[in-house]
Amino acid sequence: MTNASLIDFTLYLADSTLILGQRNGDWCGHGPVLEQDIAITNVTLDLIGQSRSFYQYAAQLIGNGCTEDQLAYWRNEREFKNALLCERPNGDWAQTILRQTFFSFYQRELFTQLLHGADTTLSAIAEKSLKEVRYHCRWSSEWVCRLGDGTQESHERMLAAVENLWPYVGELFVAAPYETALQIDTATLKSNWMDAITAVFTEATLPPPSLTSTFMHTGGKNGQHTEALGYLLAELQYVQRSYPGCEW
Amino acid sequence: MQLIRKFYYGDIPDDASGAAKAGPAKPASDWPLWEVFIRSKQGLEHKHVGSLHAADATMAIENARDVYTRRSEGISIWVVESHHIKTSAPEAAAELYEPAQDKIYRHPTFYDLPDEIKHM
C-alpha cells in the first residue's frame, strides 16, 4: 500500500461525503414538511461530519501543515474525487431521496469492508460512521418505498428519478487505481449493494434494476466530473476564496 | 418594477432556493398529528415532549427521533396518534379540580420526620 493511494482514497471518501452533504444542505428550510426538513439536514450534518474526519486524516497524511479547510476549499474541480452520483442536482424529493439511498447503501457496504481493512484510522472512522449510515439507509429507503408504492404521481416521480440517477451508480463499483492498491473488493460491494437495492425496489414496486442495461458514466473518482460540480464548488468555496482564512 | 430581489440569511424564497418544490401540497392537513413521549434514561418514565405530523407510526417514530432526540435526549420513543387521547373538558375544571384545593390533610405535611431520613 502506498501512501499516495491511501491519501487519494481518503480524499475520495471525504469529497463524496462533502459534496453530497452540500447538495442535501440546499433543502434546509425547504423540505416538504418541517419534520423531513429536519431529517434531511440531520443526514447532511452526519455527512459533513464524516467528511471532516476523512479530510483531517488526509491532511495528516499529506503533512506540511495541510489542513482540512485547505482540502475542502482550495482544491479545484479536477482535484475533487467524489463519485459523480454525489454531485447530481437535487431535482425533486424523489430524486434527492433516491440518490441518498443509492449512496447510503454503498457507504454501508464500503464501510463494513473498511472495518476489517489494514488502516486503523479508516476502520475507526468507518465504525463511527456506520451507525449514522445504517439510519440513513433505513430513513431514505423507506421514502423510496413510500413514493414508489404510493400514488400514481409519486410512482412516476420515483421512476423518473431512477432513470435519471441509475447511469451514475455503475462508477461506484469500477475500482479506481487507488482502490485497487488498497485492495477494495468492488465485486463484493457490487453484489451486496445490488441485493440490497433490489430488495428496496421490490418493496417499492419499481422494476428490478440491472447494472448492464444502460450506459454508465465514470470519471468522478479520478477528477472528471459532470458540469454540475463546478457550480456547486463555486458556491461552496466562495467565502474562503474571497476572504482567505476568514473565520466564522 | 422590482429589479433587485434582496434576501436575508435564512429567508430565501422557495422559487430561488435551487431546491425542488416537490412533495405533498398540504401535508400538514393530510398527515395526522402524533404525540411524542421520550424516555430520557433507563428506569425513568416516558415523558410527553411535543407533537409532530407523520403519515404513519413508523414515520412518526423516525420524525420523533430526528426532531426530539438530536441532542441525546432519549433512549426510547413512544408515539400515539393525537386523536386517540381523551382529554378532560376545560369547562369541567371547577368540579374536577377545585374540590381538592381545601383538602390540605391530603398532603403528608403533618408528620415530623426523623433527621436520619434523607430524600423524602
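This structure is a prediction, so every number in the text was calculated from the model and none was measured.

Conventions we followed
Residues numbered from 1 in each chain as written. Chains lettered and ligands numbered in written order. Predicted model: local features only at pLDDT ≥ 70, side-chain atom pairs only at ≥ 80, totals over all residues. Heavy atoms only, no water. Helix = DSSP H or I, 4+ residues; strand = E, 2+ residues; numbered from the N terminus. Contact = heavy atoms within 4.5 Å. Areas by Shrake-Rupley, 256 points an atom, 1.4 Å probe, with all protein chains shown as cover. Rg over C-alpha atoms; globule rule 2.2 N^0.38 Å. Buried < 20%, exposed > 50% of the residue type's maximum accessible area, 1.4 Å probe, protein only. Lys, Arg positive; Asp, Glu negative; His and termini not counted. Charge placed at Lys NZ, Arg CZ, Asp CG, Glu CD. Core = buried A, V, L, I, M, F, W, Y, C linked by side-chain atoms within 4.5 Å. Pairing = 2+ DSSP bridges. Polar contact = N/O pair within 3.5 Å; in protein donor to acceptor, adjacent residues only side chain to side chain. Axes fitted to C-alpha atoms, helices over the stretch in contact; angles between N-to-C directions. Parallel < 35°, antiparallel > 145°, perpendicular 65-115°, else oblique. Left-handed = near helix turned anticlockwise from the far one by under 90°. Nonpolar A, V, L, I, M, F, W, Y, C, P; charged D, E, K, R; others polar. Phe/Tyr/Trp six-rings, centres within 6.5 Å; stacked < 30°, edge-to-face > 60°. pLDDT = per-residue confidence, 0-100. Expected span 1.5 Å × (residues − 1). Salt bridge = Lys/Arg side-chain N within 4 Å of Asp/Glu carboxyl O.

## Some details on the overall build of chain B
Working step 1: Assigned secondary structure in chain B consists of three helices and three strands.
Working step 2: Going from the N terminus to the C terminus, chain B shows its helices and strands as α-β-β-α-β-α.
Working step 3: Summarising the internal contacts of chain B: among those between residues at least 6 apart in sequence, 40% fall at separations of at least 24.
Working step 4: In the structure as shown, chain B presents an accessible area of about 9,700 Å², 55% of it carried by carbon and sulfur atoms.

## Digging into the overall build of chain A
Working step 1: Scanning chain A from N- to C-terminus turns up 10 helices and zero strands.
Working step 2: Counted from the first residue to the last, chain A has its helices and strands arranged as α-α-α-α-α-α-α-α-α-α.
Working step 3: Relative to the globule expectation of 18 Å for 248 residues, the C-alpha radius of gyration of chain A, 17 Å, shows essentially globular dimensions.
Working step 4: Each principal axis of the C-alpha distribution contributes one length, and for chain A these read about 55 × 40 × 30 Å.
Working step 5: The burial tally for chain A puts 57% of its 248 residues in the buried class.
Working step 6: Within chain A, contacts between residues separated by at least 24 positions form 81% of all contacts whose residues are at least 6 apart in sequence.
Working step 7: Here chain A has roughly 10,800 Å² of accessible surface; of this, 52% comes from carbon and sulfur atoms.
Working step 8: Between the centroid of the 17 positive side chains of chain A and the centroid of its 29 negative side chains there is a distance of 2 Å.

## Brief notes about the nonpolar core
Working step 1: Ranked by size, the top nonpolar core spans 91 residues in total, and within it A:Phe9, A:Phe102, A:Trp166 and A:Trp193 carry the most contacts.
Working step 2: A:Phe102 has contacts with A:Leu85, A:Leu165, A:Trp166, A:Val169, A:Trp193, A:Ile197 and A:Phe201, leaving out every residue within four places of it along the chain.

## Some remarks on the pairing of strand β1 (residues 33–39) of chain B
Residue and element names in this part refer to chain B.
Working step 1: Where burial is concerned, most of β1 is hidden: five out of the seven residues are buried.
Working step 2: Between β1 and strand β2 (residues 46–53), which pair antiparallel in sequence order, lie six residues; one of them, Gly-43, sits at a positive phi of approximately 95°.
Working step 3: Note: β1 against strand β3 (residues 76–81), six bridges, orientation antiparallel. Within β3, the position partnered with Glu-35 by the bridge is Val-80.

## So, the side chain of B:Thr69
All names here are of chain B.
Working step 1: Mapped onto the elements of the fold, Thr-69 is located in the loop between α2 (57–68) and β3.
Working step 2: Of the residues examined, Thr-69 reaches a relative accessible area of 17% and is grouped as buried.
Working step 3: For Thr-69, the side chain forms a polar contact with the main-chain oxygen of Arg-65, separated by 2.6 Å.
Working step 4: Excluding residues that lie within four positions of it along the chain, Thr-69 makes contacts with Ile-38, Ala-64, Gly-74 and Ile-77.

## Digging into the packing of helix α5 (residues 93–115) of chain A against helix α9 (residues 186–203) of chain A
Residues and elements named next belong to chain A.
Working step 1: The geometry of α5 relative to α9 is characterised by a closest axis approach of 10 Å and an angle of 140° between their N-to-C directions. Taken as axis vectors, α5 and α9 run oblique relative to one another. Between α5 and α9 the crossing geometry is right-handed. Taken together, the residues of α9 that come into contact with α5 (itself represented by Leu-98, Thr-101, Phe-102, Phe-105, Tyr-106, Arg-108, Glu-109, Leu-110 and Gln-113) are Thr-188, Leu-189, Asn-192, Trp-193, Ala-196, Ile-197, Val-200 and Phe-201.
Working step 2: Residue composition of the contact of α5 with α9, grouped by class: 11 nonpolar, four polar and two charged.

## Quick look at the packing of aromatic side chains
Working step 1: The final tally for this structure, using the stated rule, is 15 aromatic pairs over all chains.
Working step 2: Relative to A:Phe201, the ring of A:Phe102 lies with its centre 6.2 Å away and its plane at 35°, an arrangement referred to as tilted. Highlighted residues: A:Phe102 in helix α5 and A:Phe201 in helix α9, separated in sequence by 99 residues. Pair check on accessibility: A:Phe102 and A:Phe201 agree, each one buried.
Working step 3: Plain terms: the ring middles of A:Trp143 and B:Trp31 are 6.4 Å apart, the flat faces sit at 40° to each other, and that makes the pair tilted. Of this pair, A:Trp143 sits in helix α6 (residues 120–148) while B:Trp31 sits in the loop between α1 (27–30) and β1, on two different chains.
Working step 4: Note on A:Trp143: relative accessible area 6%, which makes it buried.
Working step 5: An aromatic cluster is defined as three or more aromatic residues linked by ring pairs; in this entry it consists of A:Phe102, A:Phe103, A:Tyr106, A:Trp166, A:Phe173, A:Trp193 and A:Phe201.

## Let's talk about the confidence of the model for chain B
Working step 1: Mean pLDDT over chain B stands at 81; residues scoring 70 or higher make up 75%.
Working step 2: Interface confidence for the predicted complex, expressed as ipTM, amounts to 0.75; the pTM equals 0.84.

## What to know about α5(A)
Working step 1: Taking 1.5 Å per residue, 23 residues should reach 33 Å; α5(A) reaches 32 Å between its end C-alpha atoms and fits that length.
Working step 2: Counted residue by residue, α5(A) has 19 buried out of 23 residues, so it is predominantly covered.

## Some points on the pattern of salt bridges
Working step 1: Inspection of the entire model under this criterion finds 11 salt bridges over all chains.
Working step 2: Among the ionic pairs, B:Glu62 bridges to A:Arg138, the shortest N-O distance being 3.3 Å. A residue pair is termed interchain when its members come from two chains, as with B:Glu62 in helix α2 and A:Arg138 in helix α6.
Working step 3: Owing to a relative accessible area of 44%, A:Arg138 belongs among the partly exposed residues under this scheme.
Working step 4: Taken together, the shared-partner salt bridges connect A:Asp92, A:Glu153 and A:Arg157 into one network.

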